[in-house]
Amino acid sequence: MVDDVVRALGHLSLGTRLRRIGEQLQSETQRILDDGGLSVQASQCPVLVAVERLGPVTIGDLALALGITQPGATRAVGLLVEAGSLEVLKSEGDARVRLVALTPAGKALVARLRAELWPRIDRAVAELCRPLAGPLLDQLDALEGALRDMPLPERVAALREEAPL
């Protein structure tokens, strides 16, 4: 087995390790979405939730709510507009202001995600994190090991068998 150089670097590579964990969780969440027959990217889910919660919202406010750059928010919105989940409207008070809103298809998608998949994914990630205690690097070791031992899709399936929604 090859040594995990990033892990061996300790705090020096904390950002890399967090990104690695995030990418794995996002990739495995994507597998769950794909298996559920949903044509949405895992990375787009926070955008959909933010627009649902904030109602029609400017790109700038959406970027702030998500903690991303305005160009990043613009790209994400553009993809969701192409997919038919979002629409861009002109503000009634100022025609120069563009607002992002869910389309009826977007509302249906969010409702399905909220009812069928997000609770299971949330429970699986909570179960994955439950045994973590102690120093952060040890917690990261435990989290990465737990994901290696049982990827998120398997955790979702196991939780579904234990307690269906």
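The following paragraphs examine the structure supplied in this document. (Residues numbered from 1 in each chain as written. Predicted model: local features only at pLDDT ≥ 70, side-chain atom pairs only at ≥ 80, totals over all residues. Heavy atoms only, no water.)

1. Notes on the packing of helix α3 (residues 45-54) against helix α4 (residues 59-66)
Okay, so step 1: At a minimum axis separation of 10 Å, α3 and α4 run at an interaxial angle of 115 degrees. Judged by the twist between their axes, the crossing of α3 over α4 is right-handed. Residues Pro46, Val47, Ala50, Val51 and Leu54 of α3 lie in contact with α4, whose contacting residues are Leu62, Ala65 and Leu66.
Okay, so step 2: Each residue belonging to the contact of α3 with α4 can be placed in one class, and the counts come to 8 nonpolar, no polar and no charged. (Axes fitted to C-alpha atoms, helices over the stretch in contact; angles between N-to-C directions. Helix = DSSP H or I, 4+ residues; strand = E, 2+ residues; numbered from the N terminus. Left-handed = near helix turned anticlockwise from the far one by under 90°. Contact = heavy atoms within 4.5 Å. Nonpolar A, V, L, I, M, F, W, Y, C, P; charged D, E, K, R; others polar.)

2. Some thoughts on the pattern of salt bridges
Okay, so step 1: A full pass over the atoms with the stated rule returns 9 salt bridges.
Okay, so step 2: For the salt bridge of Asp141 with Arg17, the shortest nitrogen-to-oxygen distance reads 2.6 Å. Of this pair, Asp141 sits in helix α7 (residues 136-149) while Arg17 sits in helix α2 (residues 14-35), and the two are 124 residues apart along the sequence. Accessibility classification places Asp141 together with Arg17 in one group, the buried group. (Salt bridge = Lys/Arg side-chain N within 4 Å of Asp/Glu carboxyl O. Buried < 20%, exposed > 50% of the residue type's maximum accessible area, 1.4 Å probe, protein only.)

3. Details of the environment of Lys107
Okay, so step 1: Counting through the fold element by element, Lys107 comes out in helix α6 (residues 104-129).
Okay, so step 2: Through-space distance from the C-alpha of Lys107 to that of Leu86 is 9.0 Å; in sequence the pair is 21 residues apart.

4. Some details on the nonpolar core
Okay, so step 1: With 40 residues, the main nonpolar core has Leu33, Leu48, Val51, Leu86 and Leu113 as its most contacted residues.
Okay, so step 2: Looking at this core, the elements that each hand over two or more residues are α2, α3, α4, α5 (70-82), β3 (98-102), α6, α7 and α8 (152-162).
Okay, so step 3: If one sorts the elements of this core by residue count, α6 sits on top with 8 residues.
Okay, so step 4: Ignoring any residue separated from it by four or fewer positions in sequence, one finds Leu113 in contact with Leu33, Leu38, Val40, Cys45, Leu48, Trp118 and Pro119. (Core = buried A, V, L, I, M, F, W, Y, C linked by side-chain atoms within 4.5 Å.)

5. Here we look at the sheet that holds strand β1 (residues 57-58)
Okay, so step 1: Overall, antiparallel pairing links the 3 strands, which are arranged β1-β3-β2 in an open sheet. Edge positions in the open sheet fall to β1 and β2 (86-90), since each of these has one partner strand only.
Okay, so step 2: Summarising the sheet, β2 and β3 pair through 5 bridges and their orientation is antiparallel. Considered in β3, the bridge of Glu87 is made with Ala101.
Okay, so step 3: Strand contacts of α3: β1, β2 and β3, with the helix running at about 105 degrees to β3, the strand carrying the most contacts. (Pairing = 2+ DSSP bridges.)

6. Observations regarding the layout of surface pockets
Okay, so step 1: Taken as a whole, the largest pocket holds about 290 Å³ of empty space.
Okay, so step 2: When grouped by side-chain class, the residues that make up the lining of the largest pocket number 9 nonpolar, 3 polar and 1 charged. (1 Å grid on protein atoms, 1.4 Å probe; cavity = no way out; pocket = protein on both sides within 12 Å on 5 of 7 lines; lining within 4 Å. Points joined across faces, edges and corners; volume = space filled by probe spheres on them.)

7. A short note on the side chain of Thr103
Okay, so step 1: Along the polypeptide, Thr103 turns up in the loop between β3 and α6.
Okay, so step 2: Judged by its relative accessible area of 11%, Thr103 falls in the buried class.
Okay, so step 3: A polar contact of 2.5 Å, which involves the side chain of Thr103, links it to the backbone oxygen of Gly84.
Okay, so step 4: Filtering out sequence-adjacent residues up to four positions away, Thr103 remains in contact with Gly84, Ser85, Leu86 and Glu87. (Polar contact = N/O pair within 3.5 Å; in protein donor to acceptor, adjacent residues only side chain to side chain.)

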